[in-house]
Amino acid sequence: MSAVSQIAWSDTYPTRPVHLIVGFPAGGVTDILARLLSPWLSERFGQQFIVEDQPGAGTNLATERVVRAFPDGHTLLMATSTNAINATLYDNLNFNFIRDTAPVASIARTPLIMEVNPSFPAKTIPDFISYAKANPGKINMATAGIGSSVHLAGTLFMTMTGVQLVPVHYRNSYVPDMLGGQVQVVFSPVPTTIEQVRAGKLRALAVTSATRLQALPDIPTIGEFVSGYEASVWNGVVAPKNTPAAIIDKVYKGIDASLADNKILARFAEVGSVPKSMTPADFGKFIAEDTEKWGTVIRAANIKPE
């Protein structure tokens, strides 16, 4: 497509509703953020941005749908750190995420909370590490499934501290068992359990971000005790490969403008997500770096999908 025709096409984009595909069930971090942004984008572009949840195969079904879509900007993926993880976790994907998608815009980082049942004896990260080393293999760690961000955040913690926790993988919510004490620790995305933490039903030891979180300002970071530790769930938008650069730029500018809106910023803060704007080029570089980071963790721990 010539540069002139690309520009002309972008001038009229979008010409029909845009489908924003989410690879997780409703109510999760990715779905929440997509639904916060979609009304704003719909108003800006004059066409509806429709959020479609298509869970399955660890987000791979949704990703493949977007990879195979016609590259005109009307089918977009709400990409996540899971996409970076899956590049190493799965050996037989029908696509290469980095090769077959075009980065559009970074949206947010959502830290996780390292939290325990209130009956657990440790109240700080140093206490937890000491207790875990004295009781190797006796602490159950809930995860959202093998290779999930929840699992890998805990795996990274084990690697960097030398503690031995027992992963317990859940297909559904781990929250009831955390509240009941059947599992003792979890690295949970902030929106998933922040209300239980605020209500004192779960005890937050630390957050996984590099800096303290506005939503939980009194909770330290793991990095304050374990130098260099950082983990978060990221979200952004990608398009099928060969989507015209002019359309990508138009969508990027729309998303970037939304992240400066005070109402959007307030809602992000409420759910514990931190807006993070990046140009398409910078976002693509970040995805590559995050893919390598988690690939190293997966290979070192020899993690295999179910």
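Caption draft 1: Quick peek at the pattern of salt bridges. Taken as a whole and judged by the stated rule, the model has 12 salt bridges. Linking glutamate 195 and arginine 198 is a salt bridge whose minimum nitrogen-to-oxygen distance equals 3.0 Å. Placement of both glutamate 195 and arginine 198 in helix H9 (residues 190-198) is noted, with a separation of 3 residues, approximately one turn of the helix. The class for arginine 198 is partly exposed, based on a relative accessible area of 45%. We note a salt bridge from arginine 212 to glutamate 224, for which the minimum N-O separation is 3.0 Å. Here glutamate 224 lies in the loop between strand S8 (203-207) and strand S9 (232-240) and arginine 212 lies in the loop between S8 and S9, a separation of 12 residues in the sequence. Accessibility expressed as a relative area gives 43% for arginine 212, which makes it partly exposed. Classification of glutamate 224 by relative accessible area gives partly exposed; the value is 41%.

Caption draft 2: Inspection of the pairing of strand S6 (residues 166-169) at higher detail. Sheet topology places strand S5 (residues 140-143) next to S6; 4 bridges connect them, and they run parallel. Across the sheet, asparagine 140 pairs through a bridge with valine 166, a residue of S6. As a crossover connection, the stretch from S5 through helix H7 (residues 149-161) into S6 is right-handed.

Caption draft 3: Region of the structure containing the nonpolar core. Formed by 52 residues in total, the largest nonpolar core has its most connected members in Phe128 and Phe157. Ranked by residues supplied to this core, first place goes to H7 with 6 residues. Excluding its chain neighbours within four sequence positions, the residues that come into contact with phenylalanine 128 are Met114, Val116, Phe120, Ala122, Ile139, Phe157, Leu165, Val185 and Leu205. Counting 31 residues, the second largest nonpolar core, distinct from the first, contains Leu76, Ile107, Ala108 and Ile248.

Cut-offs applied
Residues numbered from 1 in each chain as written. Predicted model: local features only at pLDDT ≥ 70, side-chain atom pairs only at ≥ 80, totals over all residues. Heavy atoms only, no water. Salt bridge = Lys/Arg side-chain N within 4 Å of Asp/Glu carboxyl O. Helix = DSSP H or I, 4+ residues; strand = E, 2+ residues; numbered from the N terminus. Buried < 20%, exposed > 50% of the residue type's maximum accessible area, 1.4 Å probe, protein only. Pairing = 2+ DSSP bridges. Right-handed = clockwise from strand over helix to strand, strands pointing away. Core = buried A, V, L, I, M, F, W, Y, C linked by side-chain atoms within 4.5 Å. Contact = heavy atoms within 4.5 Å.

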